[in-house]
Amino acid sequence: MSSIAESRRPVIARTIESPRMRRSQRRHAVAVVVLSAAGILLAGGLAVAGRPPGLAELAIFLVFFTIAGLGISVGYHRMFTHQSFKAKTPVRVALAIMGSMAMQGTLKFWVALHRRHHEHSDAPGDPHSPYVLEDGTPLRAGFAGFWHSYMAWSFGHEVPNSAFYARDLMRDRLISRVNDLYFVWVAAGLALPALAGGWIHGSWIGALQGLAWGGLIRIYAGHNMIWSITSLTHIFGRRDFATRDRSTNNGWLALFTLGESWHNNHHAFPTAAVLRFRWYQFDPSGLFVAALEKTGLAWDVGRPGKHALDAKLKSN
Ligand SMILES: [Zn+2]
Ligand SMILES: [Zn+2]
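Keep in mind that this is a model prediction, so the values were computed, not measured. (Residues numbered from 1 in each chain as written. Chains lettered and ligands numbered in written order. Predicted model: local features only at pLDDT ≥ 70, side-chain atom pairs only at ≥ 80, totals over all residues. Heavy atoms only, no water.)

Caption draft 1: Examining the coordination of the zinc ion (ligand 1) more closely. Every protein donor of the zinc ion (ligand 1) is listed here as H117 (NE2), H234 (NE2), H263 (NE2) and H267 (NE2), and their distances to the metal cover 2.0 to 2.1 Å. Around the zinc ion (ligand 1), the 4 donor atoms are arranged such that angles at the metal cover 95 to 147°; this shape is classified as irregular. Between consecutive donors of the zinc ion (ligand 1), the numbers of intervening residues give the motif H-x116-H-x28-H-x3-H. You can see H117 sitting in helix α5 (residues 107-120) and its partner H234 sitting in the loop between α11 (204-231) and α12 (263-268), a full 117 residues away along the chain. By the burial criterion, H117 is buried, and H234 matches it. (Donors = N, O, S within 2.8 Å, 3.2 Å for Na, K, Ca; no water. Tetrahedral: all angles 85-135°; square planar, octahedral: opposite > 155°, others 65-115°. Helix = DSSP H or I, 4+ residues; strand = E, 2+ residues; numbered from the N terminus. Buried < 20%, exposed > 50% of the residue type's maximum accessible area, 1.4 Å probe, protein only.)

Right under this line is the structure:
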C-alpha cells in the first residue's frame with residue numbers, strides 16, 4: 001500500500017522553469033543596481049550642493065544597516081533557513097520584516113535559494129559558486145569565478161521552487177502573509193530613514209539625506225555584505241573544518257557581515273545559531289541571538305558541543 005501511495009505522490013521540481021519568474025527575478029536584480037546607483041548619485045549631488053553627510057547620516061545608515069542586516073543574518077539565514085533556534089511569534093514576524101527591508105528578495109525565495117546553496121555547495125546546482133555554474137560548467141579560477149559568485153549570479157540563476165525548498169514556511173500562514181507584503185517592507189525601509197532624516201534636520205533636504213544614506217546606500221551596502229559571503233568566503237581565508245565545499249572563515253569581514261563571515265564554521269555546523277567557536281571569533285549576530293535567549297524570546301539555540309567541534313576538526 002505504502003509503495004502505491006509513494007508512487008502517487010506528485011514529484012515536486014527543485015526549480016521552476018518559468019520565463020515570467022525569470023524576468024521578475026532579473027528585474028529585481030536590476031532594480032537593486034538602479035536604486036544603489038540612485039542613492040550614490042543623490043548623496044553625491046547633495047554633498048556637491050553643500051549638504052555632505054554628517055553624524056546624523058552616519059547614525060541613520062548604521063541603525064538601518066544593523067536592522068536589515070540582523071533581519072538577514074539572524075532572521076532569514078540562521079532562524080528561517082536553518083532553524084538554528086526557536087523564537088516567539090512577534091520576534092519571528094519582526095525578523096521577517098527586518099530581513100525584507102534589505103531588499104534581497106522575499107523570505108521564501110531567499111530561504112529556498114540558500115537551502116539550494118547548502119544542498120549543492122560548490123557543485124553543479126549551486127546558484128553562486130566561484131568554481132562552477134549551476135549547469136555544471138566549470139568556472140576558471142580568478143576574476144570570472146569571483147565576479148559570478150559576487151553579484152553576476154543574481155541576474156540569472158535558476159528559480160528555486162519554494163514548494164520544494166521552503167515547505168515549512170508555506171505552511172506558516174502568518175509568516176506567509178508577511179512574505180507576501182514584501183514590497184511594503186522594502187518601501188518602509190526607504191520611508192523610515194527618510195522620516196528620521198527629515199525629523200533630525202527639520203527639512204525636506206534632511207529627508208532626502210536620510211533616504212540616500214539609511215535607505216538606498218544602506219540597501220547597496222547590505223547587498224555587498226551578502227555578495228562578500230557568496231564569493232570571498234568560498235575563495236579566501238581559513239578552513240578550520242573539513243566540509244565537502246570550499247567555505248572559509250574570514251575574521252576581517254566579521255564586523256561588516258555581522259558574523260556571517262565565519263562561513264566555514266557555518267557550513268560545518270549549519271544549525272549553529274552562534275558561530276563563535278573560538279574566543280577571538282566576533283559574531284554580532286550570535287550575540288543578538290544570545291540576548292534574545294537571555295530575555296526568554298528565543299530558545300533551543302543551536303550550539304555544537306566541544307566533542308562535535310573536535311570531531312570535525314580532527315577529520316580535517
Ligand atoms: Zn556557502
Ligand atoms: Zn547557510
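Caption draft 2: Broad picture of the coordination of the zinc ion (ligand 2). Protein coordination at the zinc ion (ligand 2) comes from H77 (NE2), H82 (NE2), H114 (NE2), H118 (NE2) and H266 (NE2), with a distance range of 2.0 to 2.2 Å. For the zinc ion (ligand 2), all donor residues lie on one chain, and their spacing in sequence is H-x4-H-x31-H-x3-H-x147-H. We classify H82 as buried; its relative accessible area is 11%.

Caption draft 3: Looking closely at the layout of surface pockets. Looking at the largest pocket, its volume works out to about 880 Å³. Around the largest pocket, the lining comprises 39 residues; the ones closest to its centre are Q104, G105, T106, F109 and W110. Among the elements that make up the lining of the largest pocket, the one with the highest residue count is helix α2 (residues 19-48) (8 residues). For the lining of the largest pocket, the per-class residue count stands at 21 nonpolar, 17 polar and 1 charged. (1 Å grid on protein atoms, 1.4 Å probe; cavity = no way out; pocket = protein on both sides within 12 Å on 5 of 7 lines; lining within 4 Å. Points joined across faces, edges and corners; volume = space filled by probe spheres on them. Nonpolar A, V, L, I, M, F, W, Y, C, P; charged D, E, K, R; others polar.)

Caption draft 4: Expanded view of the UniProt feature "transmembrane region" (unreviewed entry) in the chain. In the numbering adopted here, UniProt assigns the feature "transmembrane region" (unreviewed entry) to residues 29-49, 55-76, 181-200 and 212-236. In residues 55-76, the share of helix is 100% and the share of strand is 0%. The end C-alpha atoms are 30 Å apart. Secondary structure within residues 212-236 divides into 80% helix and 0% strand; the distance between the first and last C-alpha atoms comes to 32 Å. (UniProt positions renumbered as here; feature names shortened; annotations may be inferred.)

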